[in-house]
Amino acid sequence: MQQEQIRQFTERYLAAFSAHIVETHPDYLTVKLPVEVDKDIGNRPFYWSWVEKMNLPYQPLVLTFCFDRERMPEGLRAEHLHLGAGRLQQIFQSARKHGSFVCMYEQAASPRPGARRTTPLVPWLGLNWKVSFICDKKRDMLLHFGINLHQPEIVSNFYPFLLQLSLTPSIPDYCYTLERRLSLAEAAAIAEQETRRLLAAEDGRWAEEARQRLDEELQILEGYYAELAARELDSGEADGDEPGAGGGESGGSEPDAISPPCGLAKTQEDAARTSESVPASPVPIAPRSAQPAPEPSAAGEEHRRGGGRILDFLRANGIPETPREEIVQEEWRSSTPEEEKRRRMEELRWQYEPRIEVQFLNGGLFYLQSTPPAKNRRNL
């Protein structure tokens, strides 16, 4: 989204809640938030819990949104609203929560003066689905269904058709709505059935190719761990065949002594004989001053057992402390090759295994005078 699109979306969002615009400027927008918007994007839940509990009057929050960082207003506390801003993500979530289902009426043409002709409006259920084909790649497909609740029929590409109409949230004058012969649950079931029919007609080569890639990756993984096991087996056999591992000719468990060369042996004998004939003078060693280690005081030991400075900080800031009996600390141990292999195989299956996910995006109940094109309609 470009900055101009972000501004247009923000203005439409605020207009949907009838927010009071304090000041509008090409570079920024100052608005007084209504109750619903304040609760969603105001970031003050404690204030609202206090106001509602004490039944106090509401003090509206005033925010200034800037859409160009280089043109921030001077003297105003403005917030830069861009695609990665946390406030804009809150606006998206609020719009998704409040606007996932709507009820709209087609704005019929104004009757001629003096005419009393009334216009019937046909009820339609519009549903938008997102179908995701997922493996190591991903492809999304949007489905827009419209189900006629008065005379059962289903229409594809219903949302582009709605964009061409003039819709209003209140029923226009001289209009009335026809009865609904299908319930909303029945219409949703029809849309689900139609989705399954379209998915069954899809080409399934993408799933076969994904399974082939999965088999190749699993074979590579099997080969790697087979070679790793063979190397460990070879290294174990090599360690068992080292000389000196078993008993020697001496029959003892100690390794055979290695005799030094003749000249070195003679020198060692002379040195030993000299040391025996000359008594060694004692070397005075100054005694080290014995300083006993300071014993920890009872108060310090109790403070250490109570958690020390870290828990003191947590308690001072009102952060709750987890009881010792609720702390689960398992002893760490290294994974075996079999466990590591199993984990990596599960990761590969999660990444490559083909699957289809269907997600409901939004929908609405629409009372229309116009009729969708016949090429997109199918009677039930």
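It should be noted that the structure appears before, not after, this text.
Calculation rules
- Residues numbered from 1 in each chain as written.
- Predicted model: local features only at pLDDT ≥ 70, side-chain atom pairs only at ≥ 80, totals over all residues.
- Heavy atoms only, no water.
- Phe/Tyr/Trp six-rings, centres within 6.5 Å; stacked < 30°, edge-to-face > 60°.
- Buried < 20%, exposed > 50% of the residue type's maximum accessible area, 1.4 Å probe, protein only.
- Helix = DSSP H or I, 4+ residues; strand = E, 2+ residues; numbered from the N terminus.
- Core = buried A, V, L, I, M, F, W, Y, C linked by side-chain atoms within 4.5 Å.
- Contact = heavy atoms within 4.5 Å.
- Expected span 1.5 Å × (residues − 1).
- Arc of directions from axis to C-beta.

**Looking at the packing of aromatic side chains**
Right, so step 1: Scanning the model with the defined rule gives twelve aromatic pairs in all.
Right, so step 2: Taking the centre distance of 5.8 Å and the plane angle of 75° together, the rings of Tyr47 and Trp48 count as edge-to-face.
Right, so step 3: Take Tyr47: its relative accessible area is 19%, and that puts it in the buried class.
Right, so step 4: Considering the side-chain rings of Phe158 and Phe161, the 6.1 Å spacing of their centres and the 40° angle between planes classify their relative orientation as tilted. Note that Phe158 and Phe161 are positioned in helix H5 (residues 158-162) at a spacing of three residues, about one turn of the helix. Of the two residues examined, Phe158 and Phe161, each falls in the buried class.
Right, so step 5: Here the aromatic residues Tyr47, Trp48, Trp50 and Tyr58 are joined through ring pairs into a cluster of three or more.

**Here's the deal with the nonpolar core**
Right, so step 1: In this structure, Leu127, Trp129, Leu143, Phe145, Ile147, Leu149 and Ala191 are the most contacted members of the largest nonpolar core, which totals 21 residues.
Right, so step 2: Residue assignment for this core shows that the elements contributing at least two residues are strand S6 (119-134), strand S7 (138-148), helix H6 (184-200) and strand S11 (355-368).
Right, so step 3: Here this core takes six residues from S6, the largest share from any one element.
Right, so step 4: Residues in contact with Leu127, not counting those within four places in the same chain, are Leu143, His144, Phe145, Ile147, Ala188, Ala191, Phe360, Asn362 and Gly363.

**Some words on helix H11 (residues 337-352)**
Right, so step 1: With 16 residues, H11 extends 22 Å from end C-alpha to end C-alpha; this agrees with the ideal 22 Å at 1.5 Å per step.
Right, so step 2: Listed in full, the buried residues belonging to H11 are Lys341, Met345, Leu348 and Tyr352. Considered in projection along H11, the buried side chains sweep an arc of 60° and stay on one side of the axis.

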